[in-house]
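Inside the fold
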Amino acid sequence: EPEPEPEPEPEKVEEKEEEPQKDDDDDESGGDWDDDNSSGAEWDADSDSDNDDKFDALAAKLNKVKLENSEEEDLIALEKKKEQERLRQIGIERAERERIEAERQAELMAEQAEADRQKRMAAAKREEGKKKRLEQEKANLAARTRDDLRCPIVVIMGHVDTGKTKLLDKIRKTNVQEGEAGGITQQIGATFFEKKTLEHQTAKLNETENFELTVPGMLVIDTPGHESFTNLRSRGSSLCDVAILVVDLMHGLEQQTIESLNMLRKRGTPFVVALNKVDRCYAWKTCKDMPIRDALKEQPEGTLDEFRSRSSDAKLQLQEQGVNSNIYWEMGDDDWMSSDFVPLVPTSAISGEGVQDILLLLCQIAQRKLWKQIMWCANLQCTVLEVKAIDGLGMTVDCLVVNGYLREGDKAVFCTLDGPIVAEIRGLLTPPPSREMRIKSEYIHHKEIKGALGVKVIGNGLEKVMAGTPVMIVGPDDEEEDIKAEVMSDLTSLQDKLSTDKKGVMVQASTLGALEALLQFLREETNPPIPVSNIGIGTVHKRDVTRISIMNEKGCPEFATILAFDVPIERDAREYANEVGVRIFTADIIYHLFDQFTRFMEELTERRQQEAAAIAVFPSIIKILPQHVFNQKDPIIVGVEIVEGILKVGTPLCVPALGGLNVGKVTSIESNGREQDTARKGNSVAIKIVNESNPNITYGRQFDSSHSLYSTLSRASIDALKENFKEKLEKEDWRLVVKLKKVFNII
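Residues numbered from 1 in each chain as written. Predicted model: local features only at pLDDT ≥ 70, side-chain atom pairs only at ≥ 80, totals over all residues. Heavy atoms only, no water.

Here we come to the sheet that holds strand E16 (residues 453-458). The antiparallel open sheet is built from eight strands, whose spatial order is E12-E11-E17-E8-E9-E16-E13-E14. Of all the strands in the sheet, the pair left with one neighbour each is strand E12 (419-424) and strand E14 (444-446). Between one strand axis and the next, the sheet turns by 40° as a mean value, whatever way the strands run. Taken together, the three bridges between strand E13 (residues 427-430) and E14 define a ladder with antiparallel strand orientation. Bridge pairing in E14 places Leu428 opposite His446. Lying over the sheet, helix H12 (residues 480-488) contacts strand E11 (411-416), E12 and strand E17 (470-473), oriented at roughly 35° with respect to E11. (Pairing = 2+ DSSP bridges. Helix = DSSP H or I, 4+ residues; strand = E, 2+ residues; numbered from the N terminus. Axes fitted to C-alpha atoms, helices over the stretch in contact; angles between N-to-C directions. Contact = heavy atoms within 4.5 Å.)

Quick look at the structure:
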């Protein structure tokens, strides 16, 4: 076998040997460094010139780099300088700001300290003023005498239709009642009876009684006579010294009479009970304006028997309320002095029997029992009754001056929702004697008014003054701030009454007293209470309609309603209300207003229920009675027992145990051969079930009596129930709804 490996080696060696030979050739061609023929100077010259060029280029490059570097360094230094300058500037600005802020803080602190000092001084001044005022009031109280009595303030109270205003008319010989809406007094009126009027009215009775009148007259407040006017009446009650409680002899004590009775006792106000409508007794002989005892002497025996029987019933009813009473001429001196014994006076407001007796009795009570209370005092005691606009006079304030003086030109402080206002009294007006302030007649101007008297005050900026608030005068020695604080002290309780809800109707009334009465009626006397979101006083304007129309946007169209009580409505407001879907209900009597709104709410609820009936499904679980299967298919007619809930016509039924099998809708329910709309828990009824989507569904094939049938509930049907049928479901029905939610996996 031939061996190829050793052959290449000699070639390699030859190559290697040739290489040095090649070098030798190179050397021979002048490549040798030590060759004598080559000139060193030549080489140096050539290399020097080359090197110079290279060095120059390198130097130029270095210079360029240096220049670039120095430029960059300059730029960096510049940037640094700029940044330092910027920071320095910021520092200067900040220092300036801090200085200004420190100065401002120092100023503020100085201002605050000054304000605090002023406040302390004002408070000290106010306290000093209060101290002086209280001392003066104390001195005035000490200066009272029995010889100087003021008019006792009398209030007439009682149930609706017992004849309060008629009685007052009889005393006053006028007819307010015809000017009243529905015969119910809607506002507090004040009537002043002069001493000579009282003497003239009681002359016949006084022939036998021989009672000397020392009171300068009598001031009667005619309070409204229905339970919705509790606040006005309590205002009346708090203002009065003595009260007449009118009781209808024919009906005895009624709800409001009891309420008035409790109020008087709570306030400790002495009162007389007028047993009115005595002329309604059988075969009563009219004895016009006679004292009641003289009139009774003229009556036949049968009439007297009826009178005695009815007055005994009234006494018994009063006794049940814890009130001791007796016919006033049967009372002994002990009864008179006993504070809890109430005199009864039979009266007739129509023919006037017993009116003299009431007047004389009130004067006797005032002079015998209340003389300490009615001693005139120089301390001003004045309360706002109503705020009214009068043609030619502008805004006027009806006030009741109980004690003290009001003078023209006095600086008076009134209470408003926006804080106290100070106004100069430009005029003091009173109606003619024995005419009520609400009856339009010529007013008498006064320079000075001495309490007790009802007076109309004229002044500037009195529009916002609130009824039921005190009026005070800033005297020469008084501190104005102290008087303002004192006037505003009652406002908080009033504002609590006027607190409003976010969703609700708007209430507009002629006066604040009427507004308070209406608010109280809507919140306390109605069931359920009617929420109120806005309130206003006076004419209904377009802006009021705009304010309440927002209820439509809030999704409460039923509350886009204005309840206007005894106020005019502008024509453009009414037109705009029709455009934006706002209802305006108007009435002169509160109950009519309430009736209108209630009727509207009932109609609305009914309409909503009809609309929701298709969606709302009442909860029920029913069990099929296998012995009462009348038709197995199309329609299915079976007897069932309602295990839970309410079954209604139109209820869709299913079987959850069979994967929610849709059985159909209940189209009719029968019990004992009579059709009915609903069946409640425990009832056994026959039902007809129709399934339009699957008419072939058959009892005994797809389902049978071993399966309970359930109402098919959904989220929409539960919501419809909550919104429209809440009151129709009881607690256990709602519990069933919760149970079925789990069955149908409703969130």
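Let us keep going from here.
What follows concerns the environment of Ala587. Mapped onto the fold, Ala587 is located in strand E21 (residues 583-587). Under the relative-accessibility criterion, Ala587 is labelled buried at 10%. Along the primary structure Ala587 and Val567 are separated by 20 residues, whereas in three dimensions their C-alpha atoms are 8.4 Å apart. Discounting residues that sit within four places of it in the chain, Ala587 has contacts with Ala564, Phe565, Asp566, His592, Leu593 and Gln596. (Buried < 20%, exposed > 50% of the residue type's maximum accessible area, 1.4 Å probe, protein only.)

On to the pairing of strand E28 (residues 684-690), then. Side chains Val685, Ile687 and Ile689 project from E28 onto a buried face, and the interleaved Ser684, Ala686, Lys688 and Val690 project onto a face without burial. Note that strand E23 (residues 636-648) and E28 share six bridges and pair antiparallel. Within the sheet, the bridge partner assigned to Glu641 lies in E28 and is Ser684. Pairing of strand E25 (residues 661-671) with E28 involves five bridges; the strand directions are antiparallel.

Moving on, we come to empty space enclosed by the protein. Counted according to the given criterion, the structure contains two cavities of 30 Å³ or more. In this structure, the second largest cavity is lined by Asp634, Ile636, Val663, Ile689, Val690, Asn691, Asn694, Pro695 and Ile697. Grouping the amino acids of the lining of the second largest cavity by side-chain chemistry returns six nonpolar, two polar and one charged. (1 Å grid on protein atoms, 1.4 Å probe; cavity = no way out; pocket = protein on both sides within 12 Å on 5 of 7 lines; lining within 4 Å. Points joined across faces, edges and corners; volume = space filled by probe spheres on them. Nonpolar A, V, L, I, M, F, W, Y, C, P; charged D, E, K, R; others polar.)

A grouping of Glu68, Glu71, Glu72, Glu73 and Asp74 is seen on the molecular surface, where their side chains present a negatively charged patch. Tracing the chain through its elements places Glu72 in helix H2 (residues 40-142). (Patch = residues over 30% accessible without salt bridge, like charges linked within 9 Å, V, L, I, M, F, W, Y side chains within 5 Å. Areas by Shrake-Rupley, 256 points an atom, 1.4 Å probe, with all protein chains shown as cover. Salt bridge = Lys/Arg side-chain N within 4 Å of Asp/Glu carboxyl O. Lys, Arg positive; Asp, Glu negative; His and termini not counted. Charge placed at Lys NZ, Arg CZ, Asp CG, Glu CD.)

Here we take up the side chain of Gln299. Note on placement: Gln299 falls in the loop between helix H8 (292-297) and helix H9 (301-320). Overall, Gln299 belongs to the buried group, its relative accessible area being 6%. Polar contacts involving the side chain of Gln299 include one to the main-chain amide nitrogen of Lys285, which spans 2.6 Å. Side-chain polar atoms of Gln299 contact the backbone oxygen of Ala295, separated by 2.9 Å. Here Gln299 is in contact with Ala283, Trp284, Lys285, Cys287 and Leu304, once residues within four sequence places are set aside. (Polar contact = N/O pair within 3.5 Å; in protein donor to acceptor, adjacent residues only side chain to side chain.)

What the rule picks out here adds up to 29 salt bridges. For the salt bridge of Glu486 with Arg133, the shortest nitrogen-to-oxygen distance reads 3.3 Å. With Glu486 in helix H12 and Arg133 in helix H2, this pair connects stretches of sequence that are 353 residues apart. Overall, the relative accessible area of 29% leaves Glu486 in the partly exposed class.

Pairing is parallel in the open sheet, where four strands are placed in the order E19-E18-E20-E21. The strands lining the two open edges of the sheet, one partner per strand, are strand E19 (532-537) and E21. Adjacent strand axes in the sheet meet at a mean angle of 20°, parallel and antiparallel pairs treated alike. The pairing of strand E18 (residues 505-509) with E19 spans five bridges and is parallel. In the strand pairing of E19, Met506 is matched with Asn534.

Attention now moves to helix H11 (residues 355-368). Helix length check: H11 (14 residues) gives 20 Å between terminal C-alpha atoms against 20 Å at 1.5 Å per residue, within 8%. Most of H11 is tucked away, with 13 of its 14 residues classed as buried. (Expected span 1.5 Å × (residues − 1).)

Going from Asp634 to Pro635, the amide bond is cis rather than trans, its omega being -5°. For Asp289, which is not glycine, the phi dihedral falls at a positive 60°. One can find Asp289 in the loop between strand E5 (271-276) and H8. Note on Asp289: relative accessible area 26%, which makes it partly exposed. The phi dihedral of Asp634 is positive, around 40°, even though this residue is not glycine. One can find Asp634 in the loop between strand E22 (620-631) and E23.

Following both chains from N to C, one finds helix H15 (residues 542-553) and helix H16 (residues 571-580) inclined at 15°, their axes separated by 9 Å at the closest point. Taken together, H15 and H16 sit at an angle that is classed as roughly parallel. By crossing handedness, the relation of H15 to H16 is classed as right-handed. Contacts between H15 and H16 involve Lys542, Val545, Thr546, Ser549 and Asn552 from the first element and Asp572, Ala573, Tyr576, Ala577 and Val580 from the second. A breakdown of the residues in the contact of H15 with H16 according to their chemical character gives five nonpolar, three polar and two charged. (Parallel < 35°, antiparallel > 145°, perpendicular 65-115°, else oblique. Left-handed = near helix turned anticlockwise from the far one by under 90°.)

By size, the foremost hydrophobic cluster in this structure holds 72 residues, and its most contacted members are Ile153, Met218, Ile244, Phe271, Val273, Leu275 and Leu362. At nine residues, H11 tops the list of elements feeding residues into this core. Apart from residues no more than four positions distant in its own chain, Phe271 is found in contact with Val242, Ala243, Leu245, Leu261, Leu264, Arg265, Val323, Val342 and Pro343. Counting 39 residues, the second-largest nonpolar core is a separate cluster that includes Phe565, Ala573, Ala577 and Phe585. (Core = buried A, V, L, I, M, F, W, Y, C linked by side-chain atoms within 4.5 Å.)

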